[in-house]
Amino acid sequence: MADDDCADGNPGAAAAAAVDKPREALSDWIRCVCVVTFDLEFGQAMELVYPDNVKLSEEDKTNLCYLAFPDSNSGCMGDTQFHVKIKCAQPSILSQRHVNYNAKCPVFLQADHRCLYGFVYFRQIKDLSLPRGYFQKSVIILSHLPFISLFSEVCGTIAPEYFKHGITGIEVAWHDIQQWPDLYPGETVSLPLLGIVLQAQLICDNNKICSSSNSMVPDYQLPVVVSSLYELNTFGCFSSIVSQIHLLWELVLTTEPIVVMASSPTYCSQVVQALVSLIVPLAYYGDYRPYFTIHDNEFKEYMSKTLNPPPIILGVTNPYFSKTLQHWPHIVRVTDTLKKDAPNKSKLRKGSNLKILDAKPGVYTEYKPYLYKDKSIVKKLLRGMQNKRPEEVQSALLRRHFLELTQSFMIPLERYMSSLMPLQRNISPFKAAPKPWPFNPDNFLASLEYAGPQLTCGIKGDWKGLYKQFFRSPNFNGWYNVRYKGMMMKLQVLQIEALSSVDINNWLEGKQEVEIVDMILKIRQKLDECENKGYPLNKKIKDQLKLKMDDIICSLPDDLKNVLSNKNSSSR
């Protein structure tokens, strides 16, 4: 691998010191670092995957190569950062540490083995010594974690070092990454990287018990604080269409197919990500591609006018899409060139107005919202634009409003799901754990009369109609499956706790050997299940069960006692 064409200096002392950990050591945070270059014969080509023992399928490599460069890069001189998302052709298996992390973090921040998030740093500069007259190369950070803000910062730190020092810059960065702590939700972590320390908070699910310790930063080194793992400049993304933001929230909530058209991959990918985050803390269960090009292997499927578009949000920059995607039901045209002296107002544009799509920002749709917009937050944001209120403040106002709106929408659903939980007195230590009652949409809608969103939200409209639309969406299915799984886990834990409190000597009276052995196997199976599935079972309960298992074994004949005792000791 030659790095002469990207190196313009010698590494410093830190870079000169070779990496003292084996290259094969992988990271739970980052899958690998890739470099994509432009080859005159083959076009965009993968030049480097580091560490070199990371295996990417040829299909994944091809997708990454096409996504690594802006779709039309003539206007992208200098450095350009954006992020992408690809489906893995061969989904990997999550490590146990990722499984443990997923068990305690919010669903929308979970590691996903089915996809890879790519954080791209593209450099294009004039270089008359090269055949095409331009130097074009991208550095990509790949991860299964959707830490958009954090990894954009990481990529923005590593890429310049690579362009300056070649592969040695990546080697030293990887050495630092290997020192990063484990993924523990609830902790504030310090992440050393090429002479700086990034500090970030790993968010814990409100319903889970998490640790809350902080990793230390040396006194002499001020950390670079990443205020959020995933949040971007939300207001900057929507400032040109702020009056239609409530409509967009409904479209994302119900996983309607959306196309975002922007002028640059940076802005395009940020707007798509901002749309997905509108419904936090609810996870978005449709697909989304922050940056999508004509070379994608699903391009033909999405262009088809005979098939209904799938529940996906696409971000595009190529003007070609303004013609080929006109049949999509919801098209969002945004611009990142704002006039600073006045608010940039947009209008809701009907589908017949698509001729002006290339020029004016707006939401092009025939969709009729179920809820009225909250005019007070829109006026507050527009007034903030006039008064030049900092975008950080504008973003905080916007995020808080939609967080509260989403919570108002979800609280009745959460309350109804809780009512489907069997009573604790119906849980027997000697029978299988009961299952939650089935979700009945009609019963839920009837409960809105006295326990609906009106209790926590002042927005008027057809809330029942919005819930009915939500029930038909992947977002409902995904949310329900997670909640159902959580309830089943809780019931299993309650059943195990009930078993641990049983008077085992009283139970043993009059039992046959086969019943006693069956009980031992059941307890052992429960303990193994708790361990493998990460059930939040108290250590005291586990110890009580093990003692009861020992008591039961002691009641058996010596031959069975020896066999079961050996199995019991080997499983500990």
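Residues numbered from 1 in each chain as written. Predicted model: local features only at pLDDT ≥ 70, side-chain atom pairs only at ≥ 80, totals over all residues. Heavy atoms only, no water.

An unreviewed UniProt entry annotates the protein chain as Protein DENND6B originating from Sipha flava. Among the UniProt annotations of the protein chain, the heading Sequence similarities (unreviewed entry) holds the following wording: "Belongs to the DENND6 family." (UniProt positions renumbered as here; feature names shortened; annotations may be inferred.)

When its secondary structure is counted, the protein chain shows 19 helices and 14 strands. Going through the 572 residues of the protein chain one by one, you find that 52% of them count as buried. Residue pairs in contact within the protein chain that sit at least 24 positions apart in sequence constitute 74% of those at least 6 positions apart. Summed over all atoms, the accessible surface of the protein chain reaches about 27800 Å², with 51% contributed by carbon and sulfur. (Helix = DSSP H or I, 4+ residues; strand = E, 2+ residues; numbered from the N terminus. Buried < 20%, exposed > 50% of the residue type's maximum accessible area, 1.4 Å probe, protein only. Contact = heavy atoms within 4.5 Å. Areas by Shrake-Rupley, 256 points an atom, 1.4 Å probe, with all protein chains shown as cover.)

Moving on, we come to the pattern of salt bridges. Throughout the structure, instances matching the rule amount to 16 salt bridges. One salt bridge in this structure joins arginine 400 and glutamate 404, with 3.1 Å as the shortest N-O distance. Taken together, the positions of arginine 400 and glutamate 404, both in helix α12 (residues 391–419) and 4 residues apart, correspond to about one turn of that helix. Residue arginine 400 is classed as exposed on the basis of its relative accessible area, which comes to 57%. Exposure remark for glutamate 404: the relative accessible area of 39% places this residue in the partly exposed category. The shortest N-O distance in the salt bridge between aspartate 543 and lysine 539 comes to 3.0 Å. In this pair, aspartate 543 and lysine 539 are both assigned in helix α18 (residues 539–554), 4 residues apart and thus about one turn of the helix distant. Overlapping salt bridges, with partners in common, bring together Lys85, Lys87, Asp287, Arg289, Asp296 and Glu298 in one network. (Salt bridge = Lys/Arg side-chain N within 4 Å of Asp/Glu carboxyl O.)

Moving on: the packing of aromatic side chains. Using the criterion set out here, one finds 37 aromatic pairs in the structure. Pairing tyrosine 121 with phenylalanine 163 gives two aromatic rings, centres 6.1 Å apart and planes at 45°, and the pair type is tilted. One end of the pair, tyrosine 121, is in strand β4 (residues 115–126); the other, phenylalanine 163, is in helix α4 (residues 148–165), with 42 residues separating them in the sequence. Accessibility expressed as a relative area gives 3% for phenylalanine 163, which makes it buried. Geometrically, the ring pair formed by phenylalanine 135 and phenylalanine 163 is edge-to-face, given 6.0 Å between the ring centres and 75° between the ring planes. (Phe/Tyr/Trp six-rings, centres within 6.5 Å; stacked < 30°, edge-to-face > 60°.)

Glancing now at the sheet that holds strand β3 (residues 78–87). In spatial order, the strands read β2-β1-β5-β4-β3; together these 5 strands make up an open sheet with antiparallel pairing. Strands at the two margins of the open sheet, each flanked by one partner only, are β2 (43–50) and β3. Looking at each pair of strands side by side, their axes are set apart by 25° on average, direction ignored. Relative to β2, helix α5 (residues 167–177) is tilted by about 45°, and along the sheet it contacts β1 (32–39) and β2. (Pairing = 2+ DSSP bridges. Axes fitted to C-alpha atoms, helices over the stretch in contact; angles between N-to-C directions.)

On to the nonpolar core. Ranked by internal contacts, the top residues of the largest apolar core, which has 133 residues, are Trp29, Phe147 and Phe238. In terms of residue count, α4 provides more of this core than any other element does, 9 residues in total. Two domains share this core, each providing at least three of its residues, namely domain 1 (32–179) and domain 2 (233–479). Residues contacting phenylalanine 147, with those up to four places away along its chain left out, are Trp29, Tyr101, Leu109, Phe119, Leu183, Leu202 and Leu229. (Core = buried A, V, L, I, M, F, W, Y, C linked by side-chain atoms within 4.5 Å. Domains from an automatic or database assignment.)

On to α18. Given a rise of 1.5 Å per residue, 16 residues ought to cover 22 Å, and the 23 Å separating the end C-alpha atoms of α18 matches this to within 8%. Within the span of α18, buried status applies to Ile541, Leu545, Lys548, Met549, Ile552 and Ile553. Taken end-on, α18 shows its buried residues confined to a sector of 140°, consistent with a single buried face. What points out from α18, more than 90 degrees from its buried face, is the exposed set Lys539, Lys540, Leu547 and Cys554. (Expected span 1.5 Å × (residues − 1). Arc of directions from axis to C-beta.)

Here is the key point about a regular strand: its side chains alternate between the two faces of the sheet. For strand β5 (residues 134–143), the tally of buried residues reaches 9 of 10 residues, placing the bulk of the element in the interior. Bridge analysis of β1 against β5 gives 6 bridges, and the strand direction is antiparallel. Note that in β5 the partner of valine 33 across the bridge is isoleucine 141. Direction of pairing for β4 relative to β5: antiparallel, over a ladder of 10 bridges. Bridge assignment links tyrosine 121 to a residue of β5, and that residue is valine 139.

In terms of strand pairing, strand β6 (residues 188–193) meets strand β7 (residues 196–201) through 6 bridges, oriented antiparallel. Its bridge partner lying in β7, valine 189 is registered against alanine 200. In sequence, β6 turns back onto β7 through a hairpin of 2 residues, with leucine 194 there showing a positive phi of about 50°. As defined by bridge partners, β7 adjoins strand β8 (residues 224–225) across 2 bridges and the pair is classed as parallel. Directly across from glutamine 199, in β8, lies its bridge partner valine 225.

This next bit is on the packing of α12 against helix α15 (residues 474–500). Their axes nearest at 11 Å, the elements α12 and α15 cross at an angle of 35°. Crossing geometry of α12 relative to α15 is assigned as right-handed. For the pair α12 and α15, contact is made by Met410, Leu413, Glu414, Met417 and Ser418 and by Trp479, Tyr480, Arg483, Tyr484 and Met487, respectively. Broken down by class, the residue content of the contact of α12 with α15 amounts to 7 nonpolar, 1 polar and 2 charged. (Left-handed = near helix turned anticlockwise from the far one by under 90°. Nonpolar A, V, L, I, M, F, W, Y, C, P; charged D, E, K, R; others polar.)

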